Structure formats: structure tokens, C-alpha cells
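# Fold and contact review
These are the residues of each chain, in order.
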Amino acid sequence: MNKVSIIAVLACLAACESNHIRPMIPIKILSTIEIKTTTIPIPQSQGIIIDLKNDPKEDKHPKCSSGMNLIKGNYCPNPKHECLEWLDNPNSPAPRCQRYKSPTVCQGATSPMEYCMDVEELHDSSGMPYGDLSWNSAKAMCEKDGKRLCNEPEWQFACSGEESLPFPYGYDRRFDICNLNRKPMVCGAKICDHRSNVSEFPECLSPFKIHNLVGNTDEWISVPLYSSSKNPGMMMRSALKGGHYLGFKNACYPKTVDHNETFTNPQSIGSRCCSSIN
């Protein structure tokens, strides 16, 4: 190998290292290759890999605002989730399933959906999710930016994907990739604040790369007007999805109702926004 060819190889390696790019295979000089020029022929299959794993902005769509991902596909309104292993006593008031049967069976026809959703929960400039939002305040924050609160089918589809997953990450409940099941629960006279910054738990992603849909903070959604079972005669449009950091629910389909539009709970209730594609 001549001096010019060696310089070319070293320059290639230096460029990869300085840009944090790793070649698909180690670059080495093969004795069967005769290098006659300063150009090193590399087959197309030996290109450069740029790792985009867990990049929540990968699915950005031109019709979606900055910080939102496109949610598009066929939504199953009535999935059948069969629990194979319970985490709690199945006869308890709100039992949690540890493992569901795969795949999910869709009972009935699917519906096409296309809209945009915030990748992250509503948060301050430091990246800390708001944890004391009422339904009214979350709605106002979304509308200020030309968005709106998500409805229940939108939230569920963004969480479960076309496979109708029970959890955003699959069929088995996990406690290691999302901010949930945190302890202690009570600090003094109030609930402990275990919220995490939006930069944390990068693997807590749904099939559409929406971050932290379960755990961290409960999220307000907009639902059709219903009558409260706890307060007879009170009508409300508010519900909560996703569960917060203490480990309750933390799945795509459970829903908390009977908290009206002015209800809030310090540290544990936030939201995110959706927008339509016209």
C-alpha cells in the first residue's frame, strides 16, 4: 500500500470517530484488495449506520407543529385484552395485570385515524412536567398554542398503536423503563413528588414514539359529557389517562373519571395536547 492510500484510510477513521459514527463493520485492510488509487471501494451494503433508536422526533410530519409527532393508522375501538398473569388479586377493586396474551384480538372493525400529538407532557423551560394542572388550565394551555386536549381514542391509539398493545412498550408490565411504581408514597402530609424531567426515561416510548404516556404524571383528556357517579347531578367532560409515578394503572386503556374540570392534585396531574390535520 502506498503512502497516499494509508493517509486516506486514516482520514476515514478519524472522520467517523470525530462525528461519533460507527461503521457497520470494522474497517480493515484486506490482503485480497489491490488499492491502486486513493479511493477505497466499499460495497453499498457496507454503509454507515446512524443510530436513531429512541429518537422521539423521528416521526415528525410537516403538518405537525414542532414537538409533535404524526399519529396515523387503523385504530381498534374494541380490543380484547386477556390477562395471563395478575399482579394484584383479580377480585380487588382495580387489579393490575402483569402479562397479557399476545397478540391482541380486535373485536369489530378498525377506524382510520390521522392527527398530531405532543411528544412530551406539558412542561416548563427546565423540562419538568407540570404536575398541578386542572382540566381547565390544561385545556387553556393547549388552546393558547393552537392545539386542544386529546380525546380518549386519540390518546389510546397513540399509546397502543395498530397492534392495540396494553402497554406502550408491549404485553408485559415493566417497572424499569418508565417513571412509575415509585416509593415512598407519602412525604409528611402530602404525596411525594417523584416526577422526572422529560429528558429522563428515554425508552418509555409508544409505537408512535410518544414519550411518557404511562407513569410520571396522570394526563387530562377530553371525553363526551357524562354524569358523575360520586356527585349525582354533576356533569363533566374531564378524565385522566396513563397513571402517575406511584404505579396505579400505568397502561393504555384504564381511565380515571369523576374528577371535575377544576380538580387538581399537586405534583401528579399534567397533560399533553393534540391537533387535527385538515
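Above: the structure in question.
Everything numeric in this text was worked out from a predicted model, so none of it was measured.

### Here we look at the overall build of the protein
A count of helical and extended segments in the protein gives three helices and 16 strands. Here the protein holds 278 residues, and the buried ones make up 40% of them. Residue pairs at least 24 apart in sequence account for 71% of intrachain contacts in the protein once pairs closer than 6 positions are excluded. On the protein, roughly 15300 Å² of surface is accessible, and the fraction owed to carbon and sulfur atoms is 54%.

### Brief notes about the packing of aromatic side chains
Counted under the stated rule, the structure contains four aromatic pairs. A ring pair is formed by Tyr75 and Phe157, whose centres lie 5.7 Å apart and whose planes are at 65 degrees; its orientation type is edge-to-face. Here the residue Tyr75 occupies a position in strand β3 (residues 68–75), and Phe157 occupies one in helix α3 (residues 152–160), the gap between them amounting to 82 residues. The class for Tyr75 is buried, based on a relative accessible area of 6%. With centroids separated by 5.6 Å and ring planes inclined at 5 degrees, the aromatic side chains of Phe167 and Tyr169 adopt a geometry described as stacked.

### Some details on a nonpolar patch on the surface
Taken together, the side chains of Met185, Val186 and Phe248 make up a nonpolar region of the molecular surface, amounting to roughly 290 Å² of accessible area. Among the secondary structure elements, Met185 is positioned in the loop between α3 and β10 (186–187).

### Regarding the nonpolar core
Core analysis: the biggest nonpolar cluster contains 26 residues, and Ile71, Tyr115, Met117, Phe157, Ala158, Ile210 and Leu213 have the highest contact counts within it. Counting residues per element, the ones that place at least two in this core are β3, β8 (111–118), α3, β12 (218–227) and β13 (235–241). Here Phe157 is in contact with Ile71, Lys72, Gly73, Asn74, Tyr75, Met113, Tyr115, Glu162 and Phe208, once residues within four sequence places are set aside. Of all hydrophobic cores here, the second largest spans 10 residues; its members include Leu133, Cys142, Trp220 and Cys273.

Parameters at a glance
- Residues numbered from 1 in each chain as written.
- Predicted model: local features only at pLDDT ≥ 70, side-chain atom pairs only at ≥ 80, totals over all residues.
- Heavy atoms only, no water.
- Helix = DSSP H or I, 4+ residues; strand = E, 2+ residues; numbered from the N terminus.
- Buried < 20%, exposed > 50% of the residue type's maximum accessible area, 1.4 Å probe, protein only.
- Contact = heavy atoms within 4.5 Å.
- Areas by Shrake-Rupley, 256 points an atom, 1.4 Å probe, with all protein chains shown as cover.
- Phe/Tyr/Trp six-rings, centres within 6.5 Å; stacked < 30°, edge-to-face > 60°.
- Patch = residues over 30% accessible without salt bridge, like charges linked within 9 Å, V, L, I, M, F, W, Y side chains within 5 Å.
- Salt bridge = Lys/Arg side-chain N within 4 Å of Asp/Glu carboxyl O.
- Core = buried A, V, L, I, M, F, W, Y, C linked by side-chain atoms within 4.5 Å.

Fair warning: the whole summary comes from geometry, so function is off the table for now.
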